[in-house]
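# A structural walkthrough
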Amino acid sequence: MKEFLCDIVVVGSGPAGLAAAVAARKNGAEKVLIVERDISIGGILQQCIHPGFGLEYFDEELTGPEYAQRFFYKAQSAGVEWLLDTTALEIREKQLVCVNRDGMIKINFGALILAMGCRERTRANLAIPGSRPAGIYTAGTAQKLINIYGHRIGKDVVILGSGDIGMIMARRLTLEGANVKAVVELMPYLTGLKRNKVQCLDDFEIPLLLSHTIVDITGTDRIESVTVAPVDDEKRPILERSYIIPCDTLLLSVGLIPENELSKTGNVALSNMTNGAIVNQFMQTSVPYVFACGNVLHVNDLVDNVSIESETAGVSAARYIQGTLPVGTMIDIIPGSGIRHICPQKIVPGGNDRITLYFRVAEPASNICITASAGQRILATRYISYISPGTMEKLILSVEQLASLEETVIVSAELVEGRK
Amino acid sequence: MRKSITCIICPNGCQMKVEYSEATGLQIAGFRCERGAEYGKNEFCRPKRIFTSSVKISGANRGMMPVRSNRPVPKEKLMDCMKEVKKISLNAPILERQVIIPDILNTGADIIASMTLERKK
């Protein structure tokens, strides 16, 4: 068995892993190694051939592969190393156990950065009734089959869920000559970004059925149809008004779950709200030498945010091994009224940097004020004219406000009267 | 001529009404900022999109090369761009930004490679 030592090991070479590794190298970590199970660098960005990446980080509109390639060059010139085709199996005390075609590898490290990304929710997660035919894919799997392998997956397509990948695949399949009959969404609002509805659905006149769901799937070998029904206010299907849409393909774009099987082996505490690790503003988990960033921590909508937050994880991991990362009693940050979840969930007081809190709201709303308060003190407020759960938003806490913080921080959303 | 346009510049998603007649010229309503008005005008007069797709490639460690237009093309030409791109097949190595189809359909936009694919060893 091979065994060697690194300053920092990063699990995953997607946008989170690459940005964290580069930041760690630039902040004094000598040997930084990425472990990647795929045969190439870049993670899911490699299959996201559509544009819309990098508007914030690079101030230009890039496709996924271009965004990945830029970070690949950054990593190369920063002297980051990688092990491809290698799977991380288990986190032990300052050691990562991996396997590849040469056998088992033990990597001893000073700090570990988790950047494994997320997985798609499947039909099993939804428990849709009906038969079990071929032709049902998660949207991301369909994306990989079409964009990387060049397969044709079907001709008449229904998409369940108005998540971004589902809408992007609606456009992609239409360009590839398929007939996308409908995008079906349980909620009364779009769950992905509005720009994707305009450029992926409206551009190609693909119908979006809000407050609808799929109540049956038929077909023996191949899927033949789905039964669609509107839902009432309690999201119960109204079966009397159901109807059949014939199709040979069903795509599911019904949410993403952070992929934390590895984190659990290292006893990293997870949040039951984000399904990712509980971290402080340094992206440090409950296990002090383990850091987490990107979609393994909480599901983001924009890769630019992932890169920025992952740089924090990389810098912090480098400071940790140098013994300069602040330690202290942590203060909780909790979601108040109208907030679904928030990240980071902890603050170590006394840092020298402002903190960006990322959050999602529970319901779409207009004219709301986001407030972070600690006891009687208001730490930060922000007015937002329109917000939906489909958009991750941020609130910044200044260094001055953090200095003498002692009480739990509550972030809440409230309607503002009389403002337009 | 009259069109309803959803602004995509920011999450507000303003619903704009854009109307043109010879008597009144171009009239836009429902926007909340200048960027929105500019977007509404462009969407009404000449909507354009970045075109992306993938092209068969042999000799690389994947079967398809992602490609894009280096500048936006008229929205109504997206399907025709797809037909042109389908005619192509590539051989690795191909470098990022290498031109695959110059000036596609006389739009002034080149179809270029979105990534570097080396020859498989």
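About the thresholds
Residues numbered from 1 in each chain as written. Chains lettered and ligands numbered in written order. Predicted model: local features only at pLDDT ≥ 70, side-chain atom pairs only at ≥ 80, totals over all residues. Contact = placed C-beta atoms within 7 Å. Helix = DSSP H or I, 4+ residues; strand = E, 2+ residues; numbered from the N terminus. Nonpolar A, V, L, I, M, F, W, Y, C, P; charged D, E, K, R; others polar. pLDDT = per-residue confidence, 0-100. Core = buried A, V, L, I, M, F, W, Y, C linked by C-beta atoms within 7 Å. Buried ≥ 20, exposed ≤ 12 C-beta atoms within 10 Å, placed from the backbone. Axes fitted to C-alpha atoms, helices over the stretch in contact; angles between N-to-C directions. Parallel < 35°, antiparallel > 145°, perpendicular 65-115°, else oblique. Left-handed = near helix turned anticlockwise from the far one by under 90°. Pairing = 2+ DSSP bridges. Arc of directions from axis to C-beta. Expected span 1.5 Å × (residues − 1). Right-handed = clockwise from strand over helix to strand, strands pointing away.

## Describing the interface of chain A and chain B
At the interface, 24 residues of chain A touch 25 residues of chain B. Of all the elements, helix 6 (residues 194–201) of chain A adds the most residues to the side of chain A that touches chain B, at four residues. Along the lines of polarity and charge, the residues of the side of chain A that touches chain B split into ten nonpolar, nine polar and five charged.

## A look at the confidence of the model for chain B
Residue and element names in this part refer to chain B. Summarising the model, chain B shows a mean pLDDT of 92, and 99% of its residues fall at 70 or more. Across chain B, element-level confidence peaks in strand 10 (residues 111–113) with a mean pLDDT of 98 and bottoms out in strand 1 (residues 2–6) with 88. Predicted as a complex, the structure gets a pTM of 0.93 and an ipTM equal to 0.90.

## Describing the nonpolar core
Residue and element names in this part refer to chain A. In this structure, I8, V9, A20, I113 and L114 are the most contacted members of the largest nonpolar core, which totals 87 residues. Counting residues per element, this core draws most heavily on helix 1 (residues 15–26), at eight residues. Leaving out residues up to four positions away in the same chain, A20 has contacts with V10, I113, A115, C293, S310, E311, A313 and G314. A170, V180, V183 and I214 belong to the second largest nonpolar core, which has 34 residues in total.

## Concerning the environment of P93 of chain B
Residues and elements named next belong to chain B. For P93, the position within the fold is in the loop between strand 8 (89–91) and strand 9 (99–101). We classify P93 as partly exposed; it has 14 C-beta atoms within 10 Å. Along the sequence, P93 and I57 sit 36 residues apart, while their C-alpha atoms lie 9.2 Å from each other. When near neighbours in sequence (up to four residues on either side) are disregarded, P93 contacts L117, E118 and R119.

## Topic: the packing of helix 1 of chain A against helix 8 (residues 303–322) of chain A
All names here are of chain A. Where helix 1 contacts helix 8, the axes come no closer than 7 Å and their chain directions differ by 40 degrees. Comparing their axes, helix 8 and helix 1 come out oblique. The handedness of the crossing between helix 1 and helix 8 is right-handed. Within the contact between the two elements, helix 1 uses P15, A16, A19, A20, A21, V22, A23 and A24 and helix 8 uses V303, V306, S307, S310, E311, A313, G314, V315, A317 and A318. Considered class by class, the residues forming the contact of helix 1 with helix 8 number 14 nonpolar, three polar and one charged.

## Some words on the sheet that holds strand 3 (residues 25–29) of chain B
Residues and elements named next belong to chain B. Taken together, the three strands give an open sheet; going across it, the order is 1-2-3, and neighbouring strands pair in antiparallel fashion. At either end of the open sheet lies a strand with only one pairing partner, and these are strand 1 and strand 3. Going across the sheet, the axis of each strand differs from the next one's by a mean of 20 degrees, ignoring polarity. Summarising the sheet, strand 2 (residues 15–21) and strand 3 pair through five bridges and their orientation is antiparallel. Each residue of the ladder has a partner; that of K17, found in strand 3, is A29.

## Some remarks on helix 4 (residues 139–147) of chain A
The set of residues buried in helix 4 of chain A consists of A139, G140, A142, Q143, I146 and N147 of chain A. Down the axis of helix 4 of chain A, the buried side of the element spans an arc of 155 degrees, and every buried residue falls inside it.

## Some details on helix 1 of chain A
All names here are of chain A. Under the 1.5 Å per step criterion, the end-to-end length of helix 1 is 17 Å for twelve residues, consistent within 8% with the ideal 16 Å. In terms of burial, helix 1 is a largely internal element, eleven of the twelve residues being buried. Phi turns positive, to about 100 degrees, at G28, one or two residues after helix 1.

## Re unusual backbone geometry
Cis geometry is found at the peptide bond from C343 of chain A to P344 of chain A, where omega equals 0 degrees. Relative to the assigned elements, P344 of chain A resides in the loop between strand 21 (339–343) and strand 22 (346–347). With omega at 5 degrees, the peptide bond leading from A92 of chain B into P93 of chain B counts as cis. With a phi angle near 60 degrees, N267 of chain A is a residue other than glycine that sits in the positive phi range. Residue position: N267 of chain A is located in the loop between helix 7 (261–265) and strand 19 (290–292). With a phi close to 55 degrees, N106 of chain B is a non-glycine residue in the positive phi region. Assignment of secondary structure puts N106 of chain B in the loop between strand 9 and strand 10. By the C-beta count within 10 Å, which is 7 here, N106 of chain B ends up exposed.

## Quick notes on the sheet that holds strand 16 (residues 243–246) of chain A
All names here are of chain A. The strand order across the open sheet built from three strands is 14-15-16, with neighbouring strands paired in antiparallel fashion. The open sheet is flanked by strand 14 (212–218) and strand 16, the only strands paired with a single partner. Taking the axes of each pair of neighbouring strands and ignoring which way they run, one obtains an average angle of 30 degrees across the sheet. Pairing of strand 14 with strand 15 (residues 225–230) involves six bridges; the strand directions are antiparallel. Looking across to strand 15, one finds that I217 is bridged to V226.

## Focus: the pairing of strand 11 (residues 156–160) of chain A
Residues and elements named next belong to chain A. A large share of strand 11 lies buried, amounting to four of its five residues. Two strands pair when backbone bridges link them, and strand 11 and strand 12 (residues 179–184) are joined in this way by five bridges, in the parallel orientation. In the sheet register, V158 faces strand 12, and the bridge partner there is A182. Regarding topology, helix 5 (residues 164–175) serves as the crossover connection from strand 11 to the parallel strand 12, and that connection is right-handed.

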